[in-house]
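Structural overview
Here are the chains, one letter per residue:
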Amino acid sequence: MASILCKLEPLYRHFPEIKGPTKHVSLKEKFMWVGLVLLLFLLMGQITPLGALRADDSQLGIIQIVFASQFGTLMSVGIGPIVTASIILQLLVGAKMINLDLHDTEDKAVFQGTQKLLTILVALFESYAFVSIGAIPVTTPGDPGLMLFVMLQIAFASILLMFLDEIVSKWGIGSGIGLFIAAGVSQRIVVQAFSPVPAGAGGFTGLIPNFLAQLAEGQLNLLILWPVAMTILVFFAVAYFESLKIEIPLSYGRFGVGARYPLRFFYTSNIPVILASAVLANVVIFAGLFAGMGVPLLGETVNGQIVPNLEKGGVGYLITMGDLGGRNGVFTPGGIIKLGNPEVILHLLVYILLFVGLCVLFGVFWVMMSNMDAETVSEQMETSGLQIPGFRADKRVIRRVLERYIPQLTVVSAVAVGLLAIAADLTGALGSGTGILLTVGILYRMYEEIKKEQLNELSPALRKFIGSDK
């Protein structure tokens, strides 16, 4: 199949490409590029496509979190095409259906070119899907020409994000995908917590202004602040687990200079949650498409959401979050009563098993794809002249020591991050528990990269004295 991908080269050979820097880029310049890309992303999230109407933000909530999207704007599909294309290719490469060596320059170019081509195709498909199922309403429903025009605008904006992601990866700090997710979730949390926009019955859309307004009238309703409290609790819980790690002592050859190789508890990072959530988000998209064609294979849909009807295609309902989370989540004061319903318990168990299973699958693939497996890490250590004190300076010895930790840690971390995401979602935390989990992980790693960049700004002698691994 790799030969087939090579034949696709004429299709993506002339795609625009963001060239990497040929000299050192200062930290100030990297911040400038990150700020510029973030500004463009936020602006596109406020622009309504010509011929479209602003959609209800409550629709397809998990899709908006994972895909960093804003329905009814140019960012209606967000990074969905980029993530979906990456999932498809990673699964094909991981299953050896595509024989590509990503360490090889030519194979890596084929992979990246194919991913760009697939991203464009998925952008067109997802834009069509959202417009056709009514998640993005148009001013004249049923007008095929107008629907096509709206679809192309949204698809073009998503394709533009693909190049903005490249700019951040090559000229900025971290990844564009992570930046977009963190920005989208942070924006939602701020709006949901502090928005002073008036709502019905004299209240406000923001929870804190609403609480203060009721307090001024002599009413003390602390339950209004439940989502805010859960948001803070989930934030600190994720930050705590992010800080857990196992450190393997190392030495530089016969000189005995000490160092440590950290194996984080979240060894797979938050990538499994992003990919697993993206897969289940696409289930919702296909459910809407099938229902629109009169064939509800995955369940009936209303306003772009799979309704809880186990008699009519309930598979789609059982394998997605549905109404388990949100403001009336299972672990909220208003939702705890749901646990007395056998249907809710069945839904919860099926969803947990599927979501955690997908997290483990993608966690294992991610460790292999990102060269974090025991064999690759041992080769890197040997090449760098590192060895484990008390053991022979041999790659096989290092690999055996790492195999005591990395395979088990890969599975445990994938399970832990999946369960934490689900538990956080059920609390009704602002921005969703999954969103907070992703945001904290992204910001934590961005902070670490900034520290490394600050070390790179130092003189070589001082950097060598401090040690870039710290």
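Here the residue numbers are simple positions, counted from 1 along each chain's written sequence. pLDDT decides what is reported in this predicted model: residues at 70 or higher carry local features, side-chain atom pairs at 80 or more are listed and counted, and totals for whole chains, interfaces and linings draw on all residues regardless. Note that water and hydrogens are dropped before the side-chain values are worked out from all heavy atoms of the structure.

**Overview of the packing of helix 3 (residues 27-44) against helix 8 (residues 176-194)**
When two helices pack together, their arrangement is given by the angle between the helix axes and by the axis-to-axis distance. Throughout, an axis means a line fitted to C-alpha atoms (over the contacting stretch in the case of helices), and angles, computed between N-to-C directions, take values from 0 to 180 degrees. Working definition: helices are DSSP H or I runs of at least four residues, strands are E runs of at least two. Numbering for both runs from the N terminus. As a packed pair, helix 3 and helix 8 sit with axes 11 Å apart at the nearest point and diverge in direction by 55°. Taken together, the axis directions place helix 3 and helix 8 in an arrangement best described as oblique. Regarding helix 3 and helix 8, the two cross each other, and that crossing is right-handed. Contacts from V34, V37, L38, F41 and L42 of helix 3 reach helix 8 at L179, F180, A183, G184 and Q187. Partitioned by chemical class, the residues of the contact of helix 3 with helix 8 number 8 nonpolar, 2 polar and no charged. Each angle receives one of four descriptions, namely roughly parallel if under 35 degrees, roughly antiparallel if over 145, roughly perpendicular if within 65 to 115, and oblique otherwise. In this scheme, a crossing is called left-handed if the near helix is turned counterclockwise away from the far one by less than a right angle; it is called right-handed if the turn is clockwise. Any two residues whose heavy atoms approach within 4.5 Å at even a single point are treated as in contact. The nonpolar class holds Ala, Val, Leu, Ile, Met, Phe, Trp, Tyr, Cys and Pro. Asp, Glu, Lys and Arg form the charged class, and all remaining residues, Gly among them, are polar.

**A word on the pattern of salt bridges**
For salt bridges, the criterion is a side-chain nitrogen of Lys or Arg within 4 Å of an Asp or Glu carboxyl oxygen. Across all of its chains, the model carries 6 salt bridges by this definition. Between K170 and E166 there is a salt bridge; the shortest N-O distance is 3.2 Å. Of this pair, K170 and E166 both sit in helix 7 (residues 144-171), separated by 4 residues, roughly a single helical turn. On the accessibility criterion, K170 (30% relative accessible area) is partly exposed. Taking the shortest distance from any N to any O, the salt bridge between R399 and E403 comes out at 3.5 Å. Burial here depends on accessible area, computed with a 1.4 Å probe over protein chains only, as a share of the maximum for the residue type. Under 20% is buried, over 50% is exposed, and the range in between is partly exposed. The exposure class assigned to R399 is partly exposed, which follows from its relative accessible area of 23%. The class of E403 is partly exposed, set by a relative accessible area of 36%. When salt bridges that share partners are traced, they join K116, E166 and K170 into one network.

**Comments concerning helix 11 (residues 271-292)**
An α-helix turns once every 3.6 residues. As a result, residues three or four positions apart point the same way. Multiplying one less than the number of residues by 1.5 Å gives the expected span of a helix. Here helix 11 contains 22 residues, and its C-alpha end-to-end distance of 32 Å stays within 8% of the 32 Å for a straight helix at 1.5 Å per residue. Remark: G294 follows helix 11 within two positions and exhibits a positive phi of approximately 80°.

**Description of the nonpolar core**
Residue types Ala, Val, Leu, Ile, Met, Phe, Trp, Tyr and Cys, when buried and joined through side-chain atoms within 4.5 Å, form a set referred to as a nonpolar core. Residues I79, F130, L161, I181 and F355 are the most contacted members of the largest nonpolar core, which totals 96 residues. In terms of residue count, helix 11 provides more of this core than any other element does, 13 residues in total. Not counting residues up to four positions away in its chain, the partners in contact with L161 are F41, M44, M75, G78, I79, I82 and F180. Judged by nonpolar contacts, the second largest core, of 15 residues, contains I248, A374, L402 and L409.

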